Amino acid sequence: MTAQCSGFDIRLLGPLRVTYAGQELTLRSAQRRAVFAALALTPQRGLSKDELIAAVWGDRPPASAQGNLYTYVSALRRVLEPDRDRWSSGGVLTSEGGGYRLHVAADAVDVHRFERLRERARTPRAAGDVAGELAALDAALAEWRGDEALVGVPGPRAASQRARLGELYLTSVERRAELMLGLGRAAEVVDRLLSLVERHPGRESLYAVTMRALAAQGRTADARALYATLRDRLVAESGTEPGAAVRQIHEQMLGTDPTATRGHIPAPPSLPGFQGRTAALARLRQAVTALAAGRGGSVWISGEAGIGKSALLAEGLRDAAPLGVQVGWGVGDELAYRMPLSIMLECLSLGDDAGLPASLHDCSGGAPPTMTVVDTVQRFVVARCAERPLLLVLDDLQWADDLSLLVWHALHNLTGRLPLLLVSACRPVPAGYEVRLLRRVLPRNGTALVELGPLDDDTATRLARSWTRPPGPGADTVRALVAAAAGNPFYLRQLVLADRDGRTADTPGPELTEAVNRHLQPLADDTRQLLRAIAFLGNNYLVTDLAAVTGKSAPQLVPAVEEALAAGVLVEDGRRLRFRHPVIRRVLRGAIPTALRVLMHRQFAQRIAEAGGDLGRVAGQLLAGPVPVDAWVQGWLTAHAAQLSAAAPAPAIAVLRHAVASPGLSASSRELLTAQLARVLHRCGLPARAEAIWVSAHTGDAATRAEMSRIAGSDDPPRSAGQAVVGRS
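It should be emphasised that the depicted structure is a prediction, and the values quoted were computed from it without experimental measurement.

Here is what the cut-offs are and how they apply
- Numbers given to residues run from 1 along each chain, matching the order in which its sequence is written.
- Two thresholds apply to this predicted model, a pLDDT of at least 70 for residue-level local features and 80 or more for giving and counting side-chain atom pairs, whereas whole-chain, interface and lining totals are computed over all residues.
- To get the side-chain values, all heavy atoms of the structure are used, and hydrogens and water are removed first.
- The helix and strand labels rest on DSSP assignments: H or I over at least four residues marks a helix, E over at least two residues marks a strand, and numbering proceeds from the N terminus.
- A contact between two residues is defined here by any heavy atoms of the two lying within 4.5 Å.
- Note on areas: Shrake-Rupley, 1.4 Å probe, and residue coverage restricted to the protein chains presented here.
- Nonpolar cores were defined as sets of buried Ala, Val, Leu, Ile, Met, Phe, Trp, Tyr and Cys residues, with membership established by side-chain atoms within 4.5 Å.
- Remark: exposure states derive from per-residue accessible area (1.4 Å probe, protein chains only) relative to the maximum for the residue type, with buried under 20%, exposed over 50%, and partly exposed in between.
- Salt bridges are counted wherever a side-chain nitrogen of Lys or Arg sits within 4 Å of a carboxyl oxygen of Asp or Glu.
- Criterion used throughout: strands pair if DSSP finds at least two bridges between them.
- To define axes, lines are fitted to C-alpha atoms, for helices over the stretch in contact only, and angles between the resulting N-to-C directions are given on a 0 to 180 degree scale.
- Pairs were defined over the aromatic rings of Phe, Tyr and Trp, the Trp ring being its six-membered one, requiring ring centres within 6.5 Å. Orientation was assigned from the angle between planes: stacked under 30 degrees, edge-to-face over 60, tilted for the rest.
- To sort the angles, those under 35 degrees are grouped as roughly parallel, those over 145 as roughly antiparallel, those from 65 to 115 as roughly perpendicular, and the leftovers as oblique.
- Residue type decides the class: Asp, Glu, Lys and Arg count as charged, Ala, Val, Leu, Ile, Met, Phe, Trp, Tyr, Cys and Pro as nonpolar, and the leftover types, Gly among them, as polar.

Peer 1: I'd like to hear about the overall build of the protein chain, residue by residue, with values.
Peer 2: Secondary structure assignment for the protein chain yields 33 helices and 13 strands. Look at the contacts in the protein chain between residues 6 or more apart in sequence, and 68% of them connect residues 24 or more apart. Entry remark: accessible area of the protein chain is about 32,300 Å², with carbon and sulfur atoms responsible for 52%.

Peer 1: Hey, could you go over the nonpolar core for me, with residue numbers and the actual values?
Peer 2: Core analysis: the largest hydrophobic core is formed by 82 residues, its most contacted members being Ile10, Leu12, Val35, Phe36 and Leu102. Ranked by residues supplied to this core, first place goes to helix 7 (residues 156–182) with ten residues. Setting aside anything within four residues of it in sequence, one finds Val35 in contact with Leu52, Val56, Leu69, Tyr72, Val73 and Leu76. Grouped together as the second largest cluster of nonpolar side chains are 76 residues, Leu455, Val569, Ala641 and Ile653 included.

Peer 1: Break down the pattern of salt bridges for me, citing the residues and quoting the values.
Peer 2: Within the structure shown, the criterion is met by 25 salt bridges. In this structure, the salt-bridge partner of Arg203 is Glu174, at a minimum N-O distance of 2.7 Å. With Arg203 in the loop between helix 8 (190–199) and helix 9 (204–216) and Glu174 in helix 7, this pair connects stretches of sequence that are 29 residues apart. Across this residue pair, the class does not change: Arg203 and Glu174 are buried. It is possible to trace a salt-bridge network through shared partners that takes in Asp9, Arg11, Arg113 and Glu143.

Peer 1: If you had to explain the sheet that holds strand 11 (residues 448–451) to someone new, which residues and values would you point to?
Peer 2: If you walk across this open sheet you meet the five strands as 8-9-10-7-11, and the pairing is parallel. Of all strands in the sheet, those bounded by a partner on one side alone are strand 8 (326–331) and strand 11. When the angles between neighbouring strand axes are averaged without regard to direction, this sheet yields 15 degrees. Sitting on the sheet, helix 17 (residues 402–411) touches strand 9 (390–395) and strand 10 (420–426), and the angle it makes with strand 10 is about 140 degrees.

Peer 1: Account for the packing of aromatic side chains, naming residues and giving values.
Peer 2: For the structure shown, the criterion picks out seven aromatic pairs. Each ring, one from Phe114 and one from Trp144, has its centre 5.6 Å from the other, and the planes form 85 degrees; the classification is edge-to-face. Note that Phe114 is positioned in helix 4 (residues 110–120) and Trp144 in the loop between helix 6 (130–141) and helix 7, a separation of 30 residues in sequence. Of the two residues, Phe114 and Trp144, neither departs from the other in class, the shared state being buried. Considering the side-chain rings of Phe536 and Phe604, the 6.2 Å spacing of their centres and the 80 degrees angle between planes classify their relative orientation as edge-to-face. Placement of the pair is Phe536 in helix 23 (residues 525–537) and Phe604 in helix 27 (residues 594–610), with a sequence separation of 68 residues. For Phe604, a relative accessible area of 5% gives the class buried. Each residue in the set Phe114, Trp144 and Tyr169 is aromatic and connected to the rest through ring pairs, giving one cluster.

Peer 1: Describe the packing of helix 23 against helix 26 (residues 582–590), naming the residues involved and giving the relevant values.
Peer 2: Contact pair helix 23 / helix 26: the axes reach a minimum separation of 9 Å and the direction vectors enclose 95 degrees. As summarised for this structure, helix 23 and helix 26 are arranged roughly perpendicular, according to the angle between their axes. Note on element contacts: helix 26 touches helix 23 through Arg585, Leu588 and Arg589, opposite Leu531, Arg532, Ile534, Ala535 and Phe536. Residue composition of the contact of helix 23 with helix 26, by class: five nonpolar, no polar and three charged.

Peer 1: Give me the lowdown on the sheet that holds strand 4 (residues 47–48), citing residues and values where you can.
Peer 2: An order of 4-6-5 is seen for the three strands of this open sheet, with the pairing classed as antiparallel. Because the sheet does not close on itself, it has two edges, and the strands there are strand 4 and strand 5 (93–96).

Peer 1: Kindly report on the pairing of strand 7 (residues 297–302), identifying the contributing residues and their values.
Peer 2: A large share of strand 7 lies buried, amounting to six of its six residues. By the alternation rule, side chains of strand 7 split into Gly297, Val299 and Ile301 and Ser298, Trp300 and Ser302, which are all buried. Strand direction decides the pairing type here: strand 7 and strand 10, joined by six bridges, are parallel. Bridging across to strand 10, Gly297 finds its partner in Leu421. In terms of strand pairing, strand 7 meets strand 11 through four bridges, oriented parallel. Residue pairing for strand 11: Ile301 is matched across the bridge by Val450.

Next comes the structure, spelled out in structure tokens:
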């Protein structure tokens, strides 16, 4: 039998369906399907029995879970290999290293085909090949049967994969719709978009592209009604307005040709209840006042995702139009279709396109030479500045195309002699080489750099209060929310809304989880894996621990660490790293089922121990689960209990109490560990009489019995029977 068995076709993107050599196989029970789906999602490796049990039953498996799992695997083997000898393990579903593995090629599973084809679309997209990208997305989406994966498959693993794949599906549909709109084929996508909006009423990016598709067909009234539906739902549920992107499309339809799908992006309205940012607001307002008086300038606002850059722009620049200033506003978007110069065209349209050559709008095919574009835009800006002062704003500059960045750089040469103010907002990550270069060059040429840091606690508290409904949460709850968000208003808002729904960062709802995942999505895969490891290690660890649990050397970790630091996700704390926003750590941990978290803590403890790591940090991982006392844990504690007690008494007491309460502990280990627990409790001045008496009654060693008698005799009697941590054997 080969390592990968051919002839199988496994469909998970819809109802689960398995065929072999064209014949459909029946898996029958829901639990069998859950086991099979979990294995099919990871054909490149096996899954341990604990992982499979967690996949099927989650945090509370039945006592018979091990036996049931064996029964399901046996039944699956009979279905997958009906001619297999009953005494043979077969070659399709095999036992490996205490778990099981499904030996099929990745391309036999539609999930992996979908992800491969979706990834393939990146190449033509980078080259501006619309037809190639559209073909790749069409092929990827053709793998789906419906718009929900793993239909009818139970269990936490299926649920988490259903959510992940659903996000990839919707992102792909939105991207394809943008491409089709660019080709003038809105009629081919609008019905599908409308049906998806009904199924996903909270997804604003889906509303945005659907509204644009309706407008492109001349159905402006329907698009406005769709916006009203979204707005009414948000106001009723959380007292909030739709996001800037959806509001901009709505305002565009109110003020321009209703059939336009690209045009003037008006300045977004300032947000009610804006708090803080006094110095940054003053800098923007001074620049606007100077512009109205005929003096140009440039401001670059930098800050991590969710720190409030867009809100600052809306608040700080709101007086520009009343002062007689022309305003052009462009917003970058990693999901929207961006032809060369697209963000600049949005910014320069100014509501009428007057004087801007039509050839610049059509630079997707035979694009004009680069210098021709630059010269044309500069002449247009000079002409508009001769009429009235001009403010141009580019928000989310990190998503801008290279040609837009080149034009933006060239326009800075005009700010010294024209009434022209350029304002840009950008995240530190992701940022390509051109954005990083622009970030270094512009301040040398007079651009004012405004770095947005976290909100202070008082400002964050006022902001949180403004988002709650009377009577609102108590003072302690608000303090906890502010601490978890660590000054990031986006996370703070999500936490306030989650608290209203009875959730916490330790039990994240889909909105909070999605918010964190969206902010981490632009980071490299290695960086996201590093962040998950740090989330499980906690704050008390060293880089050597990080290397141990990830299997990478410290130099190999440097690029991921630097990216996470640049993105503002991590901060340095002495010799350690920690999450800037505790909510990210809690969400990363909370998104994993408890059974899998326990398994990961168990693995991390062993890896740190095998790498010679600090004993207290090994104990910390054992307690974080808390990890069941298996053979390895028992052996490690037996070998290191005395040393751990001397180096770190507090975690030693906790982990020893956990261990001696375990029913699976051997008699010899129970005696040794209970004696060590009595010693460290006595040394710390804590009651140890119950433990000492138990050891005295069970030990065969005279010296140990005498030592325990001394501890019992010198200790005060325990205040209650509950202080006796050792059960009678």
